[in-house]
Every structure is written in structure tokens, then in C-alpha cells.
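Here's the letter readout for the chains.
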Amino acid sequence: MEDCLFCKISAGEMDTDFVYQDDQVVVFEDINPQAPVHLLIVPKKHIADLNNLQPADNELIGHIYQVAKKMAAEYDIAESGYRLVSNCGDDGCQSVYHIHFHLLGGRKLQWPPG
Ligand code: 5GP
Ligand code: ZN
């Protein structure tokens, strides 16, 4: 995916500081944080959005949740609470079409979302 920003970032081509990485995912701080903790958990595999998720990706998605749990503990928001969210499509306000999960915490988040 030549023109995909998160493919470039996850491949290490953008000089991004990763706060975590392994063979399947990278994690970095959102450039426009919406909470004191706002991390993006991004698979190295290009999947455009949730609509393109395949059954073969189930292990990857489970892994992402395990990474989210680990990052929440590392950023000391495990007990106070946090949100893990993946926006999909226009109404979901997705802006980067490479699936990713926002980990948000460090303040009281609102529900329902705007
Ligand atoms: P989406 O709107 O697709 O759910 O989330 C995309 C997120 O990526 C946004 O929160 C946006 O601030 C973040 N973002 C976009 N470009 C960059 C970038 O170059 N670096 C970082 N760290 N975050 C980015
Ligand atoms: Zn991509």
C-alpha cells in the first residue's frame, strides 16, 4: 500500500517514536491527542477498515486487545478507566483508512460520544 500513511509509519519510514512494537503491531502517540493518554495501536498488516476484516484476522484483533491492556497498565490508566475505539467510515469519522485502535484515557470521557 504505497500511499498509506499508517503502512509507512508502521514500516518505520516516518521516524515515528514507537512506545511499543512487536511483529504484529506498532503503538505511538496520536499527533492530535484528545485525552492525556491517546495512543494509536496499528497493525503492520494493511486492512483498510473494519468492513474489510476477515476471519483470518481474529488472532490479530485479539492480540491488539492484549496490547491495549498492557499499554493501559503502563500508562497507569488501567484502574481509572479508558476507552479502546476504532472509527469506521464517514459517519464513524475515520480519517486514515488503515485500521487502527485509539486508546484514550487520563480524563473522564463522555458517553454517548459526540
Ligand atoms: P481516525 O480519524 O482515522 O479514527 O484516526 C486517525 C488518527 O491518526 C487521528 O486521531 C489523527 O490525529 C492521527 N494521525 C494522523 N496523522 C498522523 C501522523 O502523521 N502521526 C500521528 N502520530 N498521528 C496521526
Ligand atoms: Zn496501510
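Just above, that's the structure.
In this text the structure is predicted, and so the values were computed from the model without any measurement. Each chain carries its own residue numbering, running from 1 in the direction its sequence is written. To read the labels, note that chains go from A and ligands from 1, taken in the order they are written. Totals for whole chains, interfaces and linings use every residue, but because this is a predicted model, local features are given only for residues with pLDDT of at least 70 and side-chain atom pairs only at 80 or more, for both listing and counting. Processing note: side-chain calculations cover all non-hydrogen atoms of the structure and skip hydrogens and water entirely.

1. Regarding the coordination of the zinc ion (ligand 2)
Logical step 1: Note on donors: an N, O or S atom is included if it sits within 2.8 Å of the metal, or within 3.2 Å for Na, K and Ca, and water is never included, so sites can look incomplete. Within the protein, the zinc ion (ligand 2) binds to Cys4 (SG), Cys7 (SG), His46 (ND1) and His98 (ND1); these donor distances fall in the range 2.0 to 2.3 Å.
Logical step 2: Each label reflects the angles at the metal, where four donors whose angles all fall between 85 and 135 degrees are tetrahedral, four or six donors whose opposite pairs open beyond 155 degrees and whose other angles stay between 65 and 115 are square planar or octahedral respectively, and the rest are irregular. Coordination geometry of the zinc ion (ligand 2): the 4 donor atoms subtend angles of 104 to 115° at the metal centre, consistent with an arrangement described as tetrahedral.

2. Examining the pattern of salt bridges
Logical step 1: Salt bridges are defined by distance alone: a side-chain nitrogen of Lys or Arg within 4 Å of a carboxyl oxygen of Asp or Glu. Enumeration over the complete set of coordinates arrives at 2 salt bridges.
Logical step 2: Two residues, Lys45 and Asp57, come together in a salt bridge whose shortest N-O distance is 2.5 Å. One end of the pair, Lys45, is in the loop between β3 (37–43) and α2 (58–74); the other, Asp57, is in the loop between β3 and α2, with 12 residues separating them in the sequence.
Logical step 3: Across the pair Glu74 and Lys70 runs a salt bridge whose closest N-O atoms are separated by 3.3 Å. Each helix is a run of H or I in the DSSP string that is no shorter than four residues. Each strand is a run of E no shorter than two, and both are numbered from the N terminus.

3. Observations concerning the site of ligand 1
Logical step 1: Working definition: residue near molecule or strand if any one of its non-hydrogen atoms lies within 4 Å of it. Around ligand 1, the structure places 15 residues, and the nearest of them are Glu29, Asp30, Asn87, Ser95 and His102.
Logical step 2: N or O atoms within 3.5 Å of each other form a polar contact, as long as, within protein, one can give a hydrogen and the other can take it, and as long as residues adjacent in sequence are counted only when both atoms are side-chain atoms. In the model, an oxygen atom of ligand 1 is placed 2.7 Å from a nitrogen or oxygen of the Ser95 side chain.
Logical step 3: Note that an oxygen atom of ligand 1 is positioned 2.9 Å from one of the backbone N or O atoms of Val96.
Logical step 4: Residue burial considers only the protein chains on display, and all accessible areas are found by Shrake-Rupley using a 1.4 Å probe. A total of 520 Å² of accessible area belongs to ligand 1 in isolation, and the protein chains cover 80% of it.
Logical step 5: Elements supplying a minimum of two residues to the shell around ligand 1: α1 (5–10) and β2 (25–29).
Logical step 6: Here the residues of the shell around ligand 1 sort into 7 nonpolar, 6 polar and 2 charged. In the scheme used here, Gly and all other residues not listed as nonpolar or charged are polar, with Ala, Val, Leu, Ile, Met, Phe, Trp, Tyr, Cys and Pro taken as nonpolar and Asp, Glu, Lys and Arg as charged.

4. Details of the sheet that holds strand β1 (residues 20–21)
Logical step 1: Taking strand neighbours across the sheet as the criterion, the 5 strands line up as β1-β2-β3-β5-β4 in an open arrangement whose pairing is antiparallel. In this open sheet, the two strands that pair with only one neighbour each are β1 and β4 (82–85).
Logical step 2: Strands are treated as partners if at least two bridges between them are detected by DSSP. In this sheet, β3 lies alongside β2 in antiparallel orientation, the contact comprising 5 bridges. Within β3, the position partnered with Glu29 by the bridge is Leu39.

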